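Listed here are the chains, written in short residue letters.
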Amino acid sequence: MAEKNLVLKGVPVSPGIAIGSAFLLHRDELQVEEEEIAGEQVASEVEKFKRAIQQTKEELFGIRRRVARNLGEEQGRIFDVQLLMLDDVMTIDQTITAIQERRRNAEFIFWENLQKAISTIESSDQVFFRERASDIRDLGRRVLHNLLGIKQLTVAGIQSEVVVVSQDLSPTDTAQMHRRNILGFATDMGARTSHAAIMARSLEIPGVVGLKDATLQVKHGETIILDGTKGTMVVAPDKRVLEHYRGEQQKYLQWSSSMAALKDLPAKTLDGYSIQLAANIEFPDEADSALDHGATGIGLYRTEFLYLSRADLPTEEEQYEAYSAIAERMLPDAVTIRTFDLGGDKFSMYLKGQPEANPFLGRRAIRVCLDCPDIFKVQLAAILRASANGNLKILFPMISGVEQLRQAKEIVSQVQEELKARGFSYDAKIPVGVMIEVPSAVMVADSLAREADFFSIGTNDLIQYTLAVDRGNEQVAELFDPFHPGVLKLIQQVVQAGHRASIPVAICGELCAEPLAAMLLLGLGLDEFSMSSISIPQIKKVIRSVTMDEARAVAAHVLEMETSQQIKTYLMEQSRRLYPDFLPVDVV
């Protein structure tokens, strides 16, 4: 029997509190044996593999249709990525060739290739790619089940109200969760940006991931409490703890209802200052969520999803269609498209380059774009063409100096001339912005501001590079401190430089989704906050609860403080003073 009131800490991915019986979704790893096959068996083995791929494709199409019907077309598109993986000709051909040349059974060859793919993506230097491993694992597991003729365990048949506990959840698992039956979910693995997390937020099912060993600590049918706001799970709660969380659950529901009422209200301070609240998105399907939560634009559209799990680069037409769809969906509001932020190692199949000892400080983002102008031009052409269909902006990541910005702008000009010659329309005055993510960009912000139309501060990388802390390294995670006085002063410098040049300054890192920081950032003079859609209502609530004078006074006082702990304590005191009934749970 589990210890009473055992508390497990993980990563919150979808807010809310769930109380119910644990449903342990165990998935034992399939055992795949290596078997040598005779020459006359090769053709049938290849056919078996092709049938499994086709069967998997039909299953995914079926799930996609159901999700689109129940949740909307945008949510259904989440499964397009997996369908693209199945259509990857190079991957299919490699498996078939290996079966033919090595004369081994299809499931073993496929399993071997799958492990290599997962290992490669999990060792990536970029969090975005590491978090795609669960999607590849889910797809591979589905193909393997079809190769072996084994039915896969899913959550679709769950009839009673439960909290699902599993090592990991695939997007197909999450898509089949019915809100009447699935109260919440908890996983040992996972991250905020996984497809499952995105889907859970859309369904508004409380979720916590990264609990490490929850499946070992919980018994099937045992009562658990899941706090998707704080990222905790309580196993075998006693009566006192249950009563406490039932009260917190009721508070959350009341608070959530009040947040929904803010959707169509302006993000305006008590004394009339308006702030733009936009959404960060990684996939086109997130646009509906942004609008549902009151976003007035997309402040950061990450385009890396277009490059996932492909044997080739996305064409201009493919990119044009993706960018046009989001531009038209968000009209009349603006969509800021960040040009691709990938390390050179992600293009190893068609770019020549040596492995890097430290990819975070290596060939990535704008450096790759400038090194490979042909690839860069294709993306810029697609963005510019799409600008004729909506209100688009271009954002360059990882700019460290004026020279890079000038080179990038020159390539934009070249592409504009090429499009004109090809007879395509585009917005000739499309705004071009700089993402401020490295300290050198802060130091030359005045020069950058004279040549850019706007700034967008990416606090995640700015904190990482300022404090010399790898944000993906658990051993130094406690040193990744967004409230570090040095970081806050850098933000202040960027805002001041932007305003001296009369250009707007946005902020798009995780810091601006933190309610504790909202009043401070407001007081520092940021013009736009861009964050995950689900965070928009609570930040809007903060903005509508204070005056600009109060926010400026708070910011001025914070900038005089010497430690982050002093800053957080002070901000907590001010938050409770100015909007004591704001959050039903403490902000940590």
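Structure's up top.
Below, the structure is looked at part by part. All figures in this text were calculated on a predicted structure; none of them were measured in a lab.

**Remarks on unusual backbone geometry**
Step number 1: In this structure, the amide linkage connecting Leu331 to the following residue, Pro332, adopts the cis form with an omega of 5 degrees.
Step number 2: Secondary-structure assignment places Pro332 in the loop between helix 13 (316–330) and strand 11 (334–338).
Step number 3: Phi at Asn5 takes a positive value of approximately 60 degrees, unusual for a residue other than glycine.
Step number 4: By the secondary structure assignment, Asn5 is in the segment before strand 1 (6–9).
Step number 5: We classify Asn5 as partly exposed; its relative accessible area is 22%.
Step number 6: Even without a glycine there, the phi angle at Arg103 is positive, about 55 degrees.
Step number 7: Here Arg103 is to be found in the loop between helix 4 (89–102) and helix 5 (106–122).

**Brief notes about the packing of aromatic side chains**
Step number 1: For the structure on display, the rule yields five aromatic pairs.
Step number 2: Seen in terms of ring centroids, Tyr252 and Trp255 are 5.4 Å apart; in terms of plane orientation they differ by 45 degrees. Their pairing is tilted. Of this pair, Tyr252 and Trp255 both sit in helix 11 (residues 239–260), three residues apart, roughly one helical turn.
Step number 3: The residue whose ring lies beneath Arg385 is Phe424, and the NZ or CZ to ring-centre distance is 4.2 Å.
Step number 4: Across the ring face of Phe454, the terminal group of Lys393 is positioned such that the distance to the ring centre comes to 5.2 Å.

**A few points about the sheet that holds strand 16 (residues 528–531)**
Step number 1: Ordered by their spatial adjacency, eight strands build a closed barrel running 9-10-11-12-13-14-15-16, and the pairing between neighbours is parallel. Recorded for the sheet is a direction-independent mean angle of 25 degrees between the axes of neighbouring strands.
Step number 2: As defined by bridge partners, strand 10 (residues 298–302) adjoins strand 11 across three bridges and the pair is classed as parallel. The residue bridging Tyr301 from the neighbouring strand is Ile337, located in strand 11.

**Considerations on the environment of Arg552**
Step number 1: In this fold, Arg552 is placed in helix 23 (residues 548–558).
Step number 2: Looking at Arg552, the relative accessible area reads 40%, which means it is partly exposed.
Step number 3: C-alpha separation for the pair Arg552 and Leu520, spaced 32 residues apart in sequence, amounts to 7.5 Å.
Step number 4: Those residues within four positions of Arg552 in sequence are excluded, and the remaining contacts are Tyr273 and Gly523.

**A few points about the state of the cysteines**
Step number 1: The final tally for this structure, using the stated rule, is zero disulfides.
Step number 2: Cys369 takes part in no disulfide bond, and the closest cysteine sulfur to it belongs to Cys372, at a distance of 8.2 Å.
Step number 3: The thiol of Cys512 is not disulfide-bonded; the next cysteine sulfur, from Cys508, is found 7.1 Å away.

**Regarding the side chain of Ser545**
Step number 1: Counting through the fold element by element, Ser545 comes out in the loop between helix 22 (536–543) and helix 23.
Step number 2: Of note is the side chain of Ser545, whose polar atom sits 2.6 Å from the backbone oxygen of Lys541.

**Observations regarding the environment of Ser274**
Step number 1: Inspection of the secondary structure puts Ser274 in the loop between helix 11 and strand 9 (276–281).
Step number 2: Look at Ser274 and you get exposed, because its relative accessible area is 53%.
Step number 3: Between the C-alpha atom of Ser274 and that of Asp527, which follows or precedes it by 253 residues, the distance is 8.4 Å.
Step number 4: Beyond its immediate stretch of four places on either side in the chain, Ser274 contacts Ala267 and Lys268.

**Structural notes on the packing of helix 15 (residues 373–386) against helix 16 (residues 402–422)**
Step number 1: Direction vectors running N to C along helix 15 and helix 16 enclose 60 degrees, while the axes themselves pass 9 Å from each other. Two packed elements cross with a definite hand, and for helix 15 against helix 16 that hand is right-handed. Residue-level contacts link Pro373, Phe376, Lys377, Leu380, Ala381, Leu384 and Arg385 of helix 15 to Ala408, Ile411, Val412, Gln414, Val415, Gln416, Glu418 and Leu419 of helix 16.
Step number 2: Of the residues in the contact of helix 15 with helix 16, the class split is 10 nonpolar, two polar and three charged.

Rules behind the numbers
- Residues numbered from 1 in each chain as written.
- Predicted model: local features only at pLDDT ≥ 70, side-chain atom pairs only at ≥ 80, totals over all residues.
- Heavy atoms only, no water.
- Helix = DSSP H or I, 4+ residues; strand = E, 2+ residues; numbered from the N terminus.
- Buried < 20%, exposed > 50% of the residue type's maximum accessible area, 1.4 Å probe, protein only.
- Phe/Tyr/Trp six-rings, centres within 6.5 Å; stacked < 30°, edge-to-face > 60°.
- Lys NZ or Arg CZ within 6 Å of the ring centre and 35° of its normal.
- Pairing = 2+ DSSP bridges.
- Axes fitted to C-alpha atoms, helices over the stretch in contact; angles between N-to-C directions.
- Contact = heavy atoms within 4.5 Å.
- Disulfide = S-S within 2.5 Å.
- Polar contact = N/O pair within 3.5 Å; in protein donor to acceptor, adjacent residues only side chain to side chain.
- Left-handed = near helix turned anticlockwise from the far one by under 90°.
- Nonpolar A, V, L, I, M, F, W, Y, C, P; charged D, E, K, R; others polar.

No statement about biological role is implied by the geometric values presented.
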